[in-house]
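Listed below are the residues making up each chain.
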Amino acid sequence: MANQRIVLVTGASYGLGYALSLEAAKSGAHVIALARTQGALDDLADAIDQTSGSITQVPMDITDDNAVTYLANSIAERWGKIDLWLHTAWFTAQMQPVAHLSAKDLDKAYKTNIRATSRLINALDPVIRGGKAVFFNQDDLELPNLANISLSKQAQMTIVKAWRDEVKTLGTDVEILTPRPFYSSMRSTLYPGLKPAQFATASEVASEIWAQI
């Protein structure tokens, strides 16, 4: 493991995070896979066992400040640093017109998509120095009934862009990528009735992303 690339994937249990974890493992990396669900992480571990990579499973909620701090400290103690952080964790509610936005959904979007992103950056900044952090944007959110997700995505991107500019001279590479549309649980939540065959798969898009990073 001493010479392995250390890759942290937040939101590794499904969709793009799962697919990127596999891409990293196929390249021989050690994947620190973070997700809330142990069963999903076990499934990912079974898949990674068939590659040249390896995995450390981290079942935790990114909205738990103490858990985030513990994660960063554990990374520092065990590996010293991470080479790549891929942040794919995200909360998505169903489409809602502004006049009917759910307070519960707004609060969860803030906690997961905005506040947790800020807390993760705060905790991981020391162990990502000299490495790369990648965040993912969407270009199809400026539509009616998407105020919740659009608001939280724009706020997240504001945080990420500020951090990117602040650490340019410190050796940390922060990138924002906008993948082409692919079928995911998030997209099916927003647009019920979509057919998977109409879109690329998460695995196909993950392969394209991995080729860029």
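Placed above this text is the structure.
Residues numbered from 1 in each chain as written. Predicted model: local features only at pLDDT ≥ 70, side-chain atom pairs only at ≥ 80, totals over all residues. Heavy atoms only, no water.

**Student:** Would you mind going over the packing of aromatic side chains with me for this structure?
**Tutor:** Any aromatic ring pair is given by two values, namely how distant the centres are and how the planes are angled relative to each other. Per the counting criterion, the structure on display carries three aromatic pairs. Ring geometry for Phe135 against Trp163: centres 6.3 Å apart, planes inclined by 85°, an arrangement best described as edge-to-face. Placement of the pair is Phe135 in strand 5 (residues 132–136) and Trp163 in helix 5 (residues 147–166), with a sequence separation of 28 residues. Note on accessibility: Phe135 and Trp163 belong to one class, buried. Through a chain of ring-to-ring contacts, three or more aromatic side chains come together here, namely Trp85, Phe135 and Trp163. (Phe/Tyr/Trp six-rings, centres within 6.5 Å; stacked < 30°, edge-to-face > 60°. Helix = DSSP H or I, 4+ residues; strand = E, 2+ residues; numbered from the N terminus. Buried < 20%, exposed > 50% of the residue type's maximum accessible area, 1.4 Å probe, protein only.)

**Student:** How should I be thinking about the pattern of salt bridges in this particular structure?
**Tutor:** Opposite charge on two side chains allows them to pair when their charged atoms are near. All told, the structure shown has nine salt bridges when counted by the stated rule. For Arg180, the salt bridge is made with Glu208, and the minimal N-O distance between the two is 2.7 Å. Taken together, the residues Arg180 in the loop between strand 6 (173–177) and helix 6 (185–190) and Glu208 in helix 7 (residues 202–212) connect sequence positions 28 residues apart. For Arg180, a relative accessible area of 41% corresponds to the partly exposed category. (Salt bridge = Lys/Arg side-chain N within 4 Å of Asp/Glu carboxyl O.)

**Student:** Explain the packing of helix 3 (residues 65–78) against helix 4 (residues 103–128) here, please?
**Tutor:** Each pair of packed helices can be described by the angle between their axes along with the distance between the axes. Axis separation between helix 3 and helix 4 bottoms out at 9 Å; the angle between their running directions is 20°. When the axes of helix 3 and helix 4 are compared, the pair comes out roughly parallel. Here helix 3 runs over helix 4; the crossing is right-handed. Where helix 3 abuts helix 4, its residues Asp65, Val68, Ala72, Ile75 and Ala76 lie against Arg115, Arg119, Leu120, Ala123, Leu124 and Val127. Residues belonging to the contact of helix 3 with helix 4 are distributed by class as follows: eight nonpolar, no polar and three charged. (Axes fitted to C-alpha atoms, helices over the stretch in contact; angles between N-to-C directions. Parallel < 35°, antiparallel > 145°, perpendicular 65-115°, else oblique. Left-handed = near helix turned anticlockwise from the far one by under 90°. Contact = heavy atoms within 4.5 Å. Nonpolar A, V, L, I, M, F, W, Y, C, P; charged D, E, K, R; others polar.)

Geometry only, nothing functional implied.
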